[in-house]
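# Working through the structure, step by step
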Amino acid sequence: MGGLSLAAPFTAADSAHSGLSKSFSLISSPALVSLTEEINKRRTFAIISHPDAGKTTLTEKLLLYGGGVQLAGSVTARKNQRASTSDWMELERKRGISVSSTVLQFQYEGFSINLLDTPGHKDFSEDTYRVLTAVDAAVMVIDAGKGIESQTKKLFEVCRQRSIPIFTFMNKCDRPVRDPLSLLDELESVLGIQSYPVNWPIGNGIDFKGVYDRLTSTVNLFERTAGGVYRAPVSLGNFSDPFIRERLDDALYETVSEELEMLEMAGAEFSEQAVLAGETTPVFYGSAMNNFGVKLLLDGFLNYSPPPQARNSESQAVAPDSPNFSAFIFKIQANMDPRHRDRIAFIRICSGKFERDMTVTHPRSGKKVRLSSSHKLFGNDRETVNEAYAGDIVGLVGLNDFGIGDTLTNDPSVQYSEIPRFTPETFAYLHNANTGKFKQFRQGLDQLLQEGVIQVLHLNDTAVRVPLLAAVGQLQFEVVQYRLETEYNAESRLETTPWEAVRWLPSEFKEKDVESLQLPTGSRIAWDVDDQAVVLFPTEWTINYFTETNKGIRLSQLPHASEAILDR
């Protein structure tokens, strides 16, 4: 924290921070200059938080300021108000939570923004982890009354593993909050990241008046709007201006003055490089529900976040301005629109330019694929997209051979390995409840497995292959059953199991090798979708017993391919 030492804020066109400026300066072809300019306009980010910190509400308000919606909705809206734009599934509306990740795209101040709203509930963290492979930055929302919570910490660690720049929004400042200095200290002590308060709250709770912008030395006083559905009017001025001073009582004026002086005396300087390296998080205070500080967050994020960066494929680093198109699939979603009942594969474009009807290689199958049905998304609304650039998210419809993690490219030497799988923590059998609808049951389950909604294991030496579902959290099972019934008209029955943990055996293990293992009572051998052997354990104690009685056998908490991805 401390005094601001900052040159003029850089923009998308200022690429010195991106590590790409040298190559940009050498480009002379008009086509490549256009490609570079388009890429520099892109910002692709996710919003992460603990449940109920206000993530989806902030998403709505960013869209409001970006012109994506004229009237902001809310997941806590009354029955006569519409549901949140980013929550399209009926189950989400009923529960008031985000279950699926949603792509929202809009234009703002010359930028083309891809915003990925993610589930906050811990049971859906695997979907969030996959989304974080597709972004260049993240906005971390913290309830200023509660501070850092468990799910926020987990998601932060994933961002840290990938060195993703993180911007922090201290939300709900119009309610009683913790001391703003203690919130900064918590960022450093709990998350281990340096913080720089870009703006500073003036009051809190019912006395929350606005924020002081340290970049411009101006006070932003906010006025409430009915229901927070319109942009909040803002009064700008210097902290000592009479019309600002008369809005603040003496005690509040003195408190804020002292806090700002403390920040200046701390002496730490703002470092653009530290932000881009994920070492420092710029901090913004406000209230998403009432639009306080949302525009300042959006403007600050766009000024200091990176454009699309180079990506590592298995054979080479791929620059975003490479003339060769490449992308990877990070999400698959069926039945987003009940009118169409189709399937969308979401791709993150990593390099080059996408053009509708282009033909690319699908390296996993070796096939050539024509990308004819392409869309940009706004929740569950779609619009045909004819071209897109590195950093953009595009939805491809009707290509049923695609899987999560697949690469699409017109350079066959490029193949990305971006998507890890994560360790399930709960297990259950899924039975078809109506034998007359087995076809619908099987079709629906296969589709949901392909989407990565849930993992599936098959027990060793089992005559009847009843799917053993494996999930990060119990609520994922509820989503599977709900979607089977509503989208495929297939009822199902869930049967609990005694297992509490799963570990992967060495990758070279085959069926004949598992016979030599000494298994603790209640443990079972199973196989995952990649035919890798796993052991299901009823307790943590049995894991320790297994390692003691099977010397030299290394157990892994993750599939081996995922370990390699996360270790990169």
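Residues numbered from 1 in each chain as written. Predicted model: local features only at pLDDT ≥ 70, side-chain atom pairs only at ≥ 80, totals over all residues. Heavy atoms only, no water.

Glancing now at the pattern of salt bridges. Here the structure, examined in full by the defined rule, presents 22 salt bridges. A salt bridge links Glu264 to Arg214; the nearest nitrogen and oxygen atoms lie 3.2 Å apart. Of this pair, Glu264 sits in helix H9 (residues 250-266) while Arg214 sits in the loop between strand S8 (210-213) and strand S9 (218-222), placing them 50 residues apart in sequence. We note a salt bridge from Arg370 to Asp357, for which the minimum N-O separation is 3.1 Å. Pair noted here: Arg370 is in strand S18 (residues 367-371) and Asp357 is in the loop between strand S16 (353-355) and strand S17 (358-362), with a separation of 13 residues, a long-range link. In this structure Asp357 comes out as partly exposed when scored by relative accessible area, which is 33%. In the salt-bridge network here, residues are joined through shared partners; they are Asp136, Arg162, Arg311, Arg348 and Glu418. (Salt bridge = Lys/Arg side-chain N within 4 Å of Asp/Glu carboxyl O. Helix = DSSP H or I, 4+ residues; strand = E, 2+ residues; numbered from the N terminus. Buried < 20%, exposed > 50% of the residue type's maximum accessible area, 1.4 Å probe, protein only.)

Applying the stated criterion to the full structure yields 16 aromatic pairs. Judged by centre distance (6.0 Å) and plane angle (70 degrees), the rings of Tyr212 and Phe239 are edge-to-face. Residue Tyr212 is found in strand S8, and its partner Phe239 is found in the loop between strand S10 (234-237) and helix H8 (242-245); the two are separated by 27 residues along the sequence. Exposure remark for Tyr212: the relative accessible area of 14% places this residue in the buried category. Under the relative-accessibility criterion, Phe239 is labelled buried at 10%. (Phe/Tyr/Trp six-rings, centres within 6.5 Å; stacked < 30°, edge-to-face > 60°.)

Here we take up the pairing of strand S22 (residues 393-397). S22 sits mainly inside the fold: 5 of its 5 residues count as buried. Neither face of S22 is exposed, since Ile393, Gly395 and Val397 on one face and Val394 and Leu396 on the opposite face are all buried. Bridge count for strand S15 (residues 343-351) against S22 is 5 bridges, and the pairing is antiparallel. Bridge assignment links Phe346 to a residue of S22, and that residue is Gly395. (Pairing = 2+ DSSP bridges.)

Next up on the list: the side chain of Arg214. When its relative accessible area of 4% is taken as the criterion, Arg214 is described as buried. Among the polar contacts made by the side chain of Arg214, one reaches the main-chain carbonyl oxygen of Pro197 at a distance of 2.9 Å. (Polar contact = N/O pair within 3.5 Å; in protein donor to acceptor, adjacent residues only side chain to side chain.)

Per-residue pLDDT for the chain has a mean of 82; in total, 81% of the residues score no lower than 70. The element-level mean pLDDT for the chain is lowest in helix H1 (residues 21-25), coming to 34, with strand S5 (residues 166-171) highest at 98. Confidence drops under pLDDT 50 across residues 1-28; counting only partners more than four residues distant or on other chains, this segment forms 66 contacts. Long-range and interchain partners of residues 70-85, a stretch whose pLDDT sits below 50, account for 36 contacts in this model, where long-range means more than four residues apart. (pLDDT = per-residue confidence, 0-100. Contact = heavy atoms within 4.5 Å.)

On to the nonpolar core, then. Counting residues in each nonpolar core, the largest one holds 60 residues, and the members touching the most others are Leu187, Tyr285 and Phe330. Among the elements that take part in this core, H9 stands out by supplying 5 residues, more than any other. Every residue in contact with Tyr285, bar those within four places of it in the chain, is listed here: Phe169, Met170, Cys173, Pro180, Leu183, Leu184, Asn199, Trp200, Pro201, Val211, Phe292 and Gly293. Counting 30 residues, the second largest nonpolar core, distinct from the first, contains Ile47, Leu104, Tyr196 and Phe301. (Core = buried A, V, L, I, M, F, W, Y, C linked by side-chain atoms within 4.5 Å.)

Before going further, it helps to spend a moment on the pairing of S15. Most of S15 is tucked away, with 9 of its 9 residues classed as buried. Taken together, the 8 bridges between strand S14 (residues 326-334) and S15 define a ladder with antiparallel strand orientation. Within S15, the position partnered with Ile332 by the bridge is Ala345.

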